[in-house]
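The chain contents come next:
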Amino acid sequence: MDGSHANAASAPAAAGGGEGMQRTLNPYVTGNSVIAMKYKDGVIMACDTGASYGSTLRYKSVERIKAVGKHSLIGGSGEFSDFQEILRYLDELTLSDHMWDDGNSLGPKEIHAYLTRVMYNRRNKFDPLWNSLVLGGVKRGPKGDEKYLGMVNMIGTHFEENHIATGFGNHMAVPILRGEWREDLTFEEAVKLIEKCLLVLLYRDRSSINKFQIAKITTEGSTIYPPYALKTNWGFSAFENPSQGAVGTW
Amino acid sequence: MDASSLTGSSSSSDAPTSGEHRMGTTIVGVCYDGGVVLAADSRTSTGMYVANRASDKISQLTDNVYVCRSGSAADTQVISDYVRYFLHQHTIQSGQPATVKVASNLVRLLAYQNKSMLQAGMIVGGWDKYEGGQIYSVPLGGTILRQPFAIGGSGSSYLYGLMDHEWRDGMTQEEAEKFVVKVVSLAIARDGASGGVVRTVTINADGVKRSFYPGNKLPLWHEELEPQNSLLDILAAGSPDAMVQ
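Predicted model, so just to flag it, every value in this text is computed and none were measured. (Residues numbered from 1 in each chain as written. Chains lettered and ligands numbered in written order. Predicted model: local features only at pLDDT ≥ 70, side-chain atom pairs only at ≥ 80, totals over all residues. Heavy atoms only, no water.)

**Student:** Talk me through the overall build of chain A; I want residue IDs and the actual numbers.
**Tutor:** Broken down by element type, chain A carries five helices and 13 strands. Within chain A, buried positions represent 47% of all 250 residues. Taking the contacts inside chain A whose residues are at least 6 apart along the sequence as the reference set, 61% of them involve residues at least 24 apart. Of the roughly 12,900 Å² of accessible surface on chain A, a fraction of 53% belongs to carbon and sulfur atoms. Here chain A contributes 27 positively and 28 negatively charged side chains, and the mean placements of these two sets differ by 4 Å. (Helix = DSSP H or I, 4+ residues; strand = E, 2+ residues; numbered from the N terminus. Buried < 20%, exposed > 50% of the residue type's maximum accessible area, 1.4 Å probe, protein only. Contact = heavy atoms within 4.5 Å. Areas by Shrake-Rupley, 256 points an atom, 1.4 Å probe, with all protein chains shown as cover. Lys, Arg positive; Asp, Glu negative; His and termini not counted. Charge placed at Lys NZ, Arg CZ, Asp CG, Glu CD.)

Set out below in structure tokens:
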């Protein structure tokens with residue numbers, strides 16, 4: 001029943017794959033953008049709680065940010081079943097790490113490196129995990145509390161940055177973050193900035209819903225706040241009567 | 001349910017976003033105060049032809065867990081056969097009934113690992129002593145999500161708005177059973193790929209109850225007329241509506 005072994009006889013270049021070769025051809029249930037940024041005490045991450053099925057907003061209470069071990073948060077967009085599978089891999093990883101019982105625990109940099117290898121190797125087999133993952137965390141190191149934020153996507157592209165966004169967020173949130181992010185943001189300022197990005201995505205991303213979750217990670221640990229909705233602003237006079245000055249406009 | 005995939009004509013490149021939906025069915029699962037009710041229509045189509053007008057789309061996995069099947073008839077039958085087989089062994093080994101969570105995760109495992117070959121959207125529902133009544137949705141791709149209620153199949157498109165409007169938590173068993181029959185029959189009214197009878201399965205601490213609501217016992221909706229034996233009966237009754245030029 002396990003269809004995930006590639007048939008050695010089939011040429012890797014054959015797009016359809018041989019007998020029993022699994023290939024995520026296209027995503028079915030997909031999560032939206034994830035945005036994240038470093039702030040004074042750690043890393044803050046946010047996303048909406050929706051998962052779409054094509055153009056239908058099918059599932060509206062989905063948690064797409066999860067804690068990983070003691071030091072990290074992972075946010076996933078893209079095919080939700082693949083994200084759930086990645087969480088299982090991470091469970092195995094953190095369990096083995098714990099079983100070493102050596103006083104050490106995997107930090108965000110290590111988790112990110114692991115995920116990068118998983119994503120890239122799957123891509124090389126033409127069997128990608130159809131996700132963009134954001135990995136953030138804080139770990140005490142020789143130079144003090146080291147904040148870490150990185151992302152990796154389905155083709156294995158990976159990098160570290162002070163602020164990350166996936167999906168539509170790349171186009172709508174990143175420009176805002178580039179303009180307004182600072183090294184020493186307080187939690188309140190970071191939340192305000194994240195909410196600014198979330199609102200823009202709500203207005204302009206067709207697949208977003210008005211139900212968000214914000215999560216933060218500091219040296220104390222991770223907190224995933226309960227879902228909430230944001231107020232939207234429609235009170236522009238131009239919105240009320242757009243065809244006043246130009247009949248037939250939209 | 002699409003039986004045409006038996007001929008090998010199903011293709012997973014017919015994604016919901018680009019290809020035509022081949023899922024003829026309406027399936028529903030709801031939690032109520034004390035258990036769950038699963039419901040489905042009974043139409044299996046091969047293209048435009050109704051291959052089976054009284055199929056049973058709610059299959060038993062264990063004494064306390066059932067699954068609603070939508071998508072390819074062959075794929076979902078084989079998945080439920082495998083899961084039934086695994087759960088049987090699991091029950092013997094553990095000495096107690098399988099939990100709904102375990103059953104749903106087995107369904108998910110098969111759906112996920114074979115995602116490129118399967119067209120199966122399923123709703124798993126049941127009752128166990130640990131968590132009570134539970135409903136798990138396993139759509140295309142192999143995602144698993146626990147929900148207070150779930151809808152699936154091509155007929156479900158017509159139910160999103162209705163469920164958003166009318167769903168309430170904590171219904172009684174009678175309310176839940178009436179609700180799912182209403183909901184499936186509304187979908188049947190509009191979805192060409194759904195039809196026939198409404199079958200329901202109610203699962204709770206006391207066991208399992210199967211019900212059958214034939215097409216002629218379902219409520220009538222907009223533009224639907226009360227069925228008659230013949231025009232002759234209408235004329236005999238001297239109906240004032242008879243159109244006379």
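**Student:** Please provide a residue-by-residue account of the sheet that holds strand S11 (residues 163-165) of chain A, values included.
**Tutor:** Residue and element names in this part refer to chain A. Read from one edge of the open sheet, five strands run S11-S2-S3-S12-S13, paired in antiparallel fashion. In the strand order of this sheet, the two ends are held by S11 and strand S13 (221-224), each with one partner. On average, each strand axis in the sheet is tilted by 10° relative to the strand beside it, whichever way the strands run. Where helix H3 (residues 169-180) meets the sheet, it contacts strand S2 (34-39) and S11, and its direction lies at approximately 160° from that of S11. Relative to the sheet, helix H4 (residues 187-204) contacts S2, strand S3 (42-48) and strand S12 (212-218), its axis offset from that of S2 by approximately 160°. (Pairing = 2+ DSSP bridges. Axes fitted to C-alpha atoms, helices over the stretch in contact; angles between N-to-C directions.)

**Student:** Can you lay out the UniProt feature "active site" (unreviewed entry) in chain B for me, pointing to particular residues and giving the numbers?
**Tutor:** Within the UniProt annotation, "active site" (unreviewed entry) is assigned to Thr-25 of chain B. In this structure Thr-25 of chain B comes out as buried when scored by relative accessible area, which is 0%. (UniProt positions renumbered as here; feature names shortened; annotations may be inferred.)

**Student:** Give a detailed account of the packing of helix H1 (residues 80-99) of chain A against helix H2 (residues 100-113) of chain B, specifying residues and quantitative values.
**Tutor:** Describing two packed helices takes the angle between their axes plus the distance from one axis to the other. Orientation of H1 of chain A relative to H2 of chain B, taken along the N-to-C sense of each, is 110°, at an axis distance of 12 Å. Between H1 of chain A and H2 of chain B, the angle falls in the class roughly perpendicular. As H1 of chain A packs across H2 of chain B, the resulting crossing turns out to be left-handed. Counting all contacts with H1 of chain A, which are made through Ser-81, Asp-82, Glu-85 and Arg-88 of chain A, the residues of H2 of chain B involved are Asn-105, Arg-108 and Tyr-112 of chain B. Split by residue class, the contact of H1 of chain A with H2 of chain B holds one nonpolar, two polar and four charged. (Parallel < 35°, antiparallel > 145°, perpendicular 65-115°, else oblique. Left-handed = near helix turned anticlockwise from the far one by under 90°. Nonpolar A, V, L, I, M, F, W, Y, C, P; charged D, E, K, R; others polar.)

**Student:** For the side chain of Thr-200 of chain B, give the residues involved together with the corresponding values.
**Tutor:** Along the polypeptide, Thr-200 of chain B turns up in strand S11 (residues 198-204). In contact with Thr-200 of chain B, not counting residues within four places along its chain, are Val-37, Leu-38, Ala-39, Ile-58, Val-180, Val-181, Lys-209, Arg-210, Ser-211 and Tyr-213 of chain B.

**Student:** Can you lay out the pairing of strand S4 (residues 49-52) of chain B for me, pointing to particular residues and giving the numbers?
**Tutor:** All names here are of chain B. Relative to S4, strand S3 (residues 44-46) is paired through three bridges, and the arrangement is antiparallel. Residue pairing in the sheet places Thr-44 in a bridge with Asn-52 of S4. Connecting S3 to the antiparallel partner S4 that follows it, the hairpin turn spans two residues, and Gly-47 within it adopts a positive phi of roughly 65°.

**Student:** Tell me about the side chain of Asn-32 of chain A, and name the residues and values.
**Tutor:** Residues and elements named next belong to chain A. Note on placement: Asn-32 falls in the loop between strand S1 (29-31) and S2. When its relative accessible area of 11% is taken as the criterion, Asn-32 is described as buried. With residues up to four places along the chain from it excluded, the contact list for Asn-32 reads Asp-48, Gly-50, Arg-64, Ser-77, Thr-166, Asp-205, Ser-207 and Ser-208.

**Student:** Kindly report on helix H4 (residues 173-190) of chain B, identifying the contributing residues and their values.
**Tutor:** Residue and element names in this part refer to chain B. For H4, built from 18 residues, the straight-helix expectation of 26 Å at 1.5 Å per residue is met to within 8% by its first-to-last C-alpha distance of 27 Å. Taken together, the buried positions of H4 are Ala-176, Glu-177, Phe-179, Val-180, Val-181, Val-183, Val-184, Ser-185, Ala-187 and Ile-188. Contacts made by the buried residues of H4 are with strand S1 (27-32), strand S2 (35-40), helix H3 (160-166), S11 and strand S12 (207-213). (Expected span 1.5 Å × (residues − 1).)

**Student:** So, the environment of Ile-92 of chain B: which residues are in play, and what are the values?
**Tutor:** Residues and elements named next belong to chain B. On the secondary structure map, Ile-92 appears in helix H1 (residues 73-94). By relative accessible area, Ile-92 is classed as exposed at 62%. Placed 36 residues apart in sequence, Ile-92 and Asp-56 show a C-alpha to C-alpha distance of 27 Å.

**Student:** How would you explain the sheet that holds S11 of chain B if you had to name every residue and give the values?
**Tutor:** Residue and element names in this part refer to chain B. In spatial order, the strands read S10-S1-S2-S11-S12; together these five strands make up an open sheet with antiparallel pairing. Looking along the sheet, the strands with just one partner apiece sit at the ends: strand S10 (149-152) and S12. Here the average twist between neighbouring strands, direction ignored, is 10°. In this structure, S1 lies alongside S2, joined through six bridges in antiparallel fashion. Residue pairing across strands places Tyr-32 opposite Gly-35, the latter belonging to S2. Those strands touched by H4 are S1, S2, S11 and S12, and its axis lies near 150° from that of S11.

**Student:** Run through the packing of aromatic side chains, naming residues and quoting values.
**Tutor:** Residue and element names in this part refer to chain A. Inspection of every chain in the model, using the stated rule, returns nine aromatic pairs over all chains. A centroid spacing of 6.3 Å and a plane angle of 50° characterise the contact between Trp-234 and Phe-239, whose relative ring orientation is tilted. Accessibility expressed as a relative area gives 54% for Trp-234, which makes it exposed. Residue classification places Phe-239 among the partly exposed positions, given a relative accessible area of 46%. Pairing Phe-236 with Phe-239 gives two aromatic rings, centres 5.0 Å apart and planes at 65°, and the pair type is edge-to-face. With relative accessibility at 41%, the residue Phe-236 sits in the partly exposed group. An aromatic cluster is defined as three or more aromatic residues linked by ring pairs; in this entry it consists of Tyr-203, Trp-234, Phe-236 and Phe-239. Sitting over the ring of Tyr-53, Arg-58 keeps its end group 4.7 Å from the ring centre. The positively charged end of Lys-216 is found above the aromatic ring belonging to Phe-187, 4.9 Å away from the centroid. (Phe/Tyr/Trp six-rings, centres within 6.5 Å; stacked < 30°, edge-to-face > 60°. Lys NZ or Arg CZ within 6 Å of the ring centre and 35° of its normal.)

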